[in-house]
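Take a look at the letters that make up each chain.
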Amino acid sequence: MREGPFASMAGGLPERGVVLGFDFGLKRTGVAVGDFDVGIAHPVTTIDTADRGERMDRIARLVEEWRPVLFVVGMPAHGDGAEHELAPSVRKFGGQLHGRFGLPVRYVDETLTSNAAERSLADAGVHGARRKAALDRVAAQEILQAFFESPHACA
């Protein structure tokens, strides 16, 4: 195990540093950021492309800017707990993140995060096209916040 932020947390999780969270989609991927010290997630951007290379290049710029120590990716499931048809693509995305950047990846159950994001945006008075544009990054925020609230519940 590495020294510094990777030392001594169960499961090889860092204890300190920035975390990038993702709400992966085949066409759009929401991104959020947070820090272990504060434990609060913030929406950052939506990567609006289906092109894998372009998506990873945009993530590389975010990695350069934020210098994360961990990636958290939302894992979809059906309401009954059955694996969602997008789950294999999400695992592949997580593998690409790990392979390109060499950082650990944790998956968080994203069931109902889009609903929570919708409610948050509605409560903030965001409607119509503005809500649709913000939904993925706010869903990423919900995913990352769920991780901060229960980091050891991750896969």
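As shown above, the structure is provided for reference.
Anyway, here's the lowdown on the structure attached to this text. Treat the numbers as computed from the prediction; the structure is a model and nothing was measured. (Residues numbered from 1 in each chain as written. Predicted model: local features only at pLDDT ≥ 70, side-chain atom pairs only at ≥ 80, totals over all residues. Heavy atoms only, no water.)

1. Re the overall build of the chain
(1) Moving on: Each helix and strand in the chain was counted, giving four helices and five strands.
(2) Moving on: Reading the helices (α) and strands (β) of the chain from amino to carboxyl end gives β-β-β-α-β-α-β-α-α.
(3) Moving on: Taking all contacts inside the chain whose residues are at least 6 apart in sequence as the whole, residues at least 24 apart take part in 59%. (Helix = DSSP H or I, 4+ residues; strand = E, 2+ residues; numbered from the N terminus. Contact = heavy atoms within 4.5 Å.)

2. Looking at the pairing of strand E5 (residues 105-109)
(1) Moving on: Among the five residues that make up E5, four are buried, leaving the element largely enclosed by the rest of the structure.
(2) Moving on: Here strand E4 (residues 70-75) pairs with E5 via five bridges, running parallel. Each residue of the ladder has a partner; that of Met-75, found in E5, is Asp-109.
(3) Moving on: The β-α-β motif built from E4, the intervening helix H2 (residues 87-101) and the parallel element E5 has right-handed crossover chirality. (Buried < 20%, exposed > 50% of the residue type's maximum accessible area, 1.4 Å probe, protein only. Pairing = 2+ DSSP bridges. Right-handed = clockwise from strand over helix to strand, strands pointing away.)

3. Focus: the sheet that holds E5
As a general point, the strands of a sheet are linked pairwise by backbone hydrogen bonds and lie either parallel or antiparallel.
(1) Moving on: Strand order in the open sheet formed by five strands is E3-E2-E1-E4-E5, with mixed pairing between adjacent strands. The sheet terminates laterally at strand E3 (41-48) and E5, the two strands that pair on one side only. In this sheet, neighbouring strand axes are inclined to one another by 25 degrees on average, regardless of whether the strands run parallel or antiparallel.
(2) Moving on: Across four bridges, the pairing between strand E1 (residues 18-23) and E4 is parallel. Residue pairing for E4: Val-19 is matched across the bridge by Leu-70. (Axes fitted to C-alpha atoms, helices over the stretch in contact; angles between N-to-C directions.)

4. A few points about the environment of Pro-43
(1) Moving on: By secondary structure assignment, the location of Pro-43 is in strand E3.
(2) Moving on: Using a relative accessible area of 36% as the deciding quantity, one classes Pro-43 as partly exposed.
(3) Moving on: For the pair Pro-43 and Gly-30, spaced 13 residues apart in the sequence, the C-alpha separation amounts to 8.0 Å.
(4) Moving on: In contact with Pro-43, not counting residues within four places along its chain, are Val-31, Ala-32, Arg-137, Val-138 and Gln-141.

5. Things to note about the pattern of salt bridges
(1) Moving on: Scanning the entire structure with this criterion turns up five salt bridges.
(2) Moving on: The residue Arg-16 makes a salt bridge to Asp-37 at a minimum N-O spacing of 2.9 Å. Placement of the pair is Arg-16 in the segment before E1 and Asp-37 in the loop between strand E2 (28-35) and E3, with a sequence separation of 21 residues.
(3) Moving on: Across the salt bridge formed by Arg-100 and Asp-57, the nearest N and O atoms sit 3.3 Å from each other. Taken together, the residues span a long stretch of sequence, with Arg-100 in helix H2 and Asp-57 in helix H1 (residues 52-66) at a distance of 43 residues.
(4) Moving on: The exposure class of Asp-57 is partly exposed, given its relative accessible area of 39%. (Salt bridge = Lys/Arg side-chain N within 4 Å of Asp/Glu carboxyl O.)

6. Looking at the side chain of Arg-55
(1) Moving on: By secondary structure assignment, the location of Arg-55 is in helix H1.
(2) Moving on: It is Asp-51 that comes nearest to the buried, bridge-free Arg-55 among opposite-charge side chains, at 7.7 Å.
(3) Moving on: Within the structure, the side chain of Arg-55 is placed 3.2 Å from the backbone oxygen of Thr-49, a separation counted as a polar contact.
(4) Moving on: Here Arg-55 is in contact with Phe-24, Gly-25, Leu-26, Thr-29, Ile-47, Thr-49, Ala-50 and Phe-93, once residues within four sequence places are set aside. (Lys, Arg positive; Asp, Glu negative; His and termini not counted. Polar contact = N/O pair within 3.5 Å; in protein donor to acceptor, adjacent residues only side chain to side chain.)

7. Brief notes about the packing of H1 against H2
(1) Moving on: At their nearest, the axes of H1 and H2 sit 11 Å apart, and the two run at 55 degrees to each other. In terms of axis orientation, H1 runs oblique to H2. H2 is crossed by H1, and the crossing has right-handed handedness. On H2, the residues touching Arg-52, Arg-55, Met-56, Asp-57, Ile-59, Ala-60 and Val-63 of H1 are Phe-93, Gln-96, Leu-97, Arg-100 and Phe-101.
(2) Moving on: Split by residue class, the contact of H1 with H2 holds seven nonpolar, one polar and four charged. (Parallel < 35°, antiparallel > 145°, perpendicular 65-115°, else oblique. Left-handed = near helix turned anticlockwise from the far one by under 90°. Nonpolar A, V, L, I, M, F, W, Y, C, P; charged D, E, K, R; others polar.)

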